[in-house]
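# Survey of secondary and tertiary structure
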Amino acid sequence: MPRTTTYTRWIALPPQQLWAVLGDPARWPEWNPAITAVTLRGTPAAGVTGDYLPRGRVTEAVHGRLAKPFVVSTFVPDREITMEQPEPVGTMRLRWVLTPRDGGTELRQQLTFPGASAAVMRKVVGDLLRRSG
């Protein structure tokens, strides 16, 4: 059964300024210390694929050798980006949504894991995301 974990932050910047970084997955390592590198195969848009390396000697080595490319499944400039990463028995879905609020922006990050590997993958990835936030 899929489960979604949501993290929400308010940031005192307009959505357009946040999007300049968030809307380009290749810039992920600039703001997320859990990510070492991202390679994108094209300009950010729905359907574009790429690879990323999570930080950590073991996770970086395993992911770098075995992971299939992620795909940008949703891309709405200044508003939303979703990436889907195939996992051993399912797909990790990572979604960010920007919502304008008085004096800034609400940033919502959702992490969803369906499939048989969900519990293990949620633990591994969830711990990385909590440390990076």
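About the criteria used
- Residues numbered from 1 in each chain as written.
- Predicted model: local features only at pLDDT ≥ 70, side-chain atom pairs only at ≥ 80, totals over all residues.
- Heavy atoms only, no water.
- Helix = DSSP H or I, 4+ residues; strand = E, 2+ residues; numbered from the N terminus.
- Buried < 20%, exposed > 50% of the residue type's maximum accessible area, 1.4 Å probe, protein only.
- Contact = heavy atoms within 4.5 Å.
- Areas by Shrake-Rupley, 256 points an atom, 1.4 Å probe, with all protein chains shown as cover.
- Core = buried A, V, L, I, M, F, W, Y, C linked by side-chain atoms within 4.5 Å.
- Pairing = 2+ DSSP bridges.
- Axes fitted to C-alpha atoms, helices over the stretch in contact; angles between N-to-C directions.
- Salt bridge = Lys/Arg side-chain N within 4 Å of Asp/Glu carboxyl O.
- Polar contact = N/O pair within 3.5 Å; in protein donor to acceptor, adjacent residues only side chain to side chain.
- Phe/Tyr/Trp six-rings, centres within 6.5 Å; stacked < 30°, edge-to-face > 60°.

## Things to note about the overall build of the protein
Summing up its helical and strand segments, the protein has four helices and seven strands in all. Along the chain direction, N to C, the helices and strands of the protein fall in the order β-α-α-β-β-α-β-β-β-β-α. Split into buried and exposed, the 133 residues of the protein put 37% on the buried side. Sequence-distant contacts in the protein: of pairs separated by 6 or more residues, those separated by 24 or more amount to 44%. As displayed, the protein has an accessible area near 7,300 Å², and 57% of this comes from carbon and sulfur atoms.

## Topic: the nonpolar core
In summary, soluble globular proteins display a tendency toward joint burial of nonpolar side chains. If you look at the biggest cluster of nonpolar residues, it comprises 20 residues, and the most contacted ones within it are Trp28, Tyr52, Phe70 and Trp96. For this core, the elements supplying multiple residues, two or more each, are α1 (15-22), β2 (35-40), β4 (70-76), β5 (80-87), β6 (90-101) and β7 (104-113). Looking at this core element by element, the count peaks at four residues for β6.

## Describing the sheet that holds strand β1 (residues 3-11)
Read from one edge to the other, the open sheet built from seven strands follows the order β1-β7-β6-β5-β4-β3-β2, with strand pairing classed as antiparallel. Single-partner strands in this sheet number two, and they are β1 and β2. The mean angle between the axes of side-by-side strands here comes to 25°, regardless of whether they run parallel or antiparallel. When β4 meets β5, the two strands line up antiparallel, connected through five bridges. Its bridge partner lying in β5, Val76 is registered against Glu80.

## With respect to the environment of Trp28
Within the secondary structure layout, Trp28 lies in helix α2 (residues 28-31). Separated by 24 residues in the primary sequence, Trp28 and Tyr52 have C-alpha atoms spaced 9.0 Å apart.

## Focus on the pattern of salt bridges
Summed over all chains, the structure comprises five salt bridges. Between Glu84 and Arg93 there is a salt bridge, with its nearest N and O atoms 3.1 Å apart.

## Brief notes about the pairing of strand β3 (residues 49-54)
The two faces of β3 differ: Gly50, Tyr52 and Pro54 on one face are buried, but Thr49, Asp51 and Leu53 on the other face are not. As paired elements, β2 and β3 share five bridges and run antiparallel to each other. For Thr39, the partnering residue across the bridge sits in β3 and is Asp51. Here β3 pairs with β4 via two bridges, running antiparallel. Among the inter-strand pairings, Gly50 is bridged to a residue of β4, identified as Phe70.

## Some details on the side chain of Gln110
Note that Gln110 resides in strand β7. Classification of Gln110 by relative accessible area gives buried; the value is 17%. A polar side-chain atom of Gln110 sits 2.6 Å from a polar atom in the side chain of Arg95.

## With respect to the packing of aromatic side chains
This model, assessed by the stated rule, comprises five aromatic pairs. Aromatic side chains Trp28 and Tyr52 sit 5.2 Å apart centroid to centroid with 45° between the ring planes, which places their arrangement in the tilted category. Placement of Trp28 in helix α2 and of Tyr52 in strand β3 is noted, with a sequence separation of 24 residues between them. A relative accessible area of 4% places Trp28 in the buried class. Judged by relative accessible area, which is 8%, Tyr52 ranks as buried.

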